[in-house]
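Per-entry structural report
So you can see what is in the structure, the chains are spelled out below.
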Amino acid sequence: MSLAFLRAYPPVQPPQGSVYWLPFRGDNVLVKTAPTGFELFQSTEEGIPTPLQTTLYLGTLNGRACVTGEVGQDFVLPEGWSEQTQRTLFGRIDDQLQSVIGYATQILRWQRTGRYCPVCAHATESLTGSWGRICPNCGHTMYPPSTPAILALIHDGERMLLTHKPGWGNKRYSCIAGFVEPGESLEECVEREIYEEVGLHVTDIAYIGSQPWPFPHQLMVGYTARYLSGEIHLDGLELDDALWFTPAALPELPPPQSLAHRIITTWIAAQRTS
Ligand SMILES: [Zn+2]
């Protein structure tokens, strides 16, 4: 069954009735161990004895309210519970559920990191109608961070230039990646990152898609870019190899759930139909 998440925004109180519980300890999520993998707790079941320290309503998952919160550090996991990092769950649970867990992680982290004003250090207060915080002392307002970063696949119409980072293992290659700088458009970021990392100029920058990446709060935005000019020159820091590949002879690619994988396979599919 596919899951559909409807975000409750601006934040409101949860509706009455049975809910999905998403308890966290720090950045780790507590889930139910099931024969098929992992499942969410439902409030109608026994085995949810712990009061959450914070309770936040995120929205509905297939029509059922979805509530998150944190358990104490000394909470002992009952039988059948399991504490997981998001990275462990990546690719092992439904994509929509992965995204709800990512949202919950970031909003809970924001409750911890947004408590004090970064300007005057006064305690902040919740800003009505959003997840924002306001400082009653100096008026500074702030919102949960979401940091844009680009992923870019360089191609020449027949081949893709894929890159390798130290520490990836010998066979895996992927797209160029980098954070957007203040004052920069996404397309300018694509051009700059490609030039910085492999020394090439590109053209025909085309948007493919995006993916929230809650490690800790990125928004990955994916592009393809056509090779225009230049010789490959590695920056020597972030990358240790860059090679041209045809769709017929690919290296190991990033995991299927990743945006990088989607960009690569979308580009290959488009070559087959053109
Ligand atoms: Zn302040």
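In what follows, the accompanying structure is described.

Rules behind the numbers
Residues numbered from 1 in each chain as written. Predicted model: local features only at pLDDT ≥ 70, side-chain atom pairs only at ≥ 80, totals over all residues. Heavy atoms only, no water. Helix = DSSP H or I, 4+ residues; strand = E, 2+ residues; numbered from the N terminus. Contact = heavy atoms within 4.5 Å. Pairing = 2+ DSSP bridges. Donors = N, O, S within 2.8 Å, 3.2 Å for Na, K, Ca; no water. Tetrahedral: all angles 85-135°; square planar, octahedral: opposite > 155°, others 65-115°. Core = buried A, V, L, I, M, F, W, Y, C linked by side-chain atoms within 4.5 Å. Buried < 20%, exposed > 50% of the residue type's maximum accessible area, 1.4 Å probe, protein only.

Right, let's get into the environment of His217. If you trace the backbone, His217 turns up in the loop between strand E15 (201–213) and strand E16 (218–229). When the C-alpha positions of His217 and Thr85 are compared, they lie 15 Å apart, and in sequence the two are 132 residues distant. Setting aside chain neighbours within four positions, we find His217 in contact with Gln106, Arg109, Pro145, Ser146 and Thr147.

So, on to the sheet that holds strand E11 (residues 141–142). What the 3 strands build is an open sheet, ordered E9-E10-E11; its pairing is antiparallel. With partners counted over all chains shown, the strands left at the sheet margins are strand E9 (125–126) and E11, one partner each. In this sheet, E11 lies alongside strand E10 (residues 133–134) in antiparallel orientation, the contact comprising 2 bridges. Across the sheet, residue Arg133 finds its bridge partner in E11, namely Met142.

Looking at the zinc ion, the protein donor atoms are Cys117 (SG), Cys120 (SG), Cys135 (SG) and Cys138 (SG), and they sit 2.3 to 2.4 Å from it. In this structure, the zinc ion is surrounded by 4 donor atoms whose angles at the metal cover 99 to 120°, and the resulting shape is tetrahedral. Taken in chain order, the donor set of the zinc ion reads C-x2-C-x14-C-x2-C. Of the two residues, Cys117 sits in the loop between helix H2 (95–113) and E9 while Cys138 sits in the loop between E10 and E11, which places them 21 residues apart along the sequence.

Membership of the largest hydrophobic core comes to 24 residues, with the highest contact counts inside it found for Leu22, Phe24, Val29, Leu58, Leu61, Val100 and Ile101. Mapped onto this core, the elements with two or more residues apiece are strand E2 (19–25), strand E3 (28–34), strand E6 (56–61) and H2. Per-element accounting of this core gives the leading share, 8 residues, to H2. With sequence-adjacent residues up to four places away left out, Leu61 is seen in contact with Leu3, Ala4, Phe5, Tyr20, Leu40, Gln96, Leu97 and Val100. Counting residues in hydrophobic clusters, the runner-up holds 17 residues, among them Ile154, Cys189, Leu200 and Tyr223.

Looking now at the pairing of E2. In summary, the side chains of a regular strand alternate between the two faces of the sheet. Among the 7 residues in E2, 6 count as buried, and that is most of the element. Here E2 runs beside strand E7 (residues 64–70); their pairing, made up of 6 bridges, is parallel. Residue pairing in the sheet places Leu22 in a bridge with Thr68 of E7. Counted between consecutive antiparallel strands, the loop separating E2 from E3 contains 2 residues, among which Gly26 sits at a positive phi close to 60°.

The values are spatial; any link to function lies outside them.
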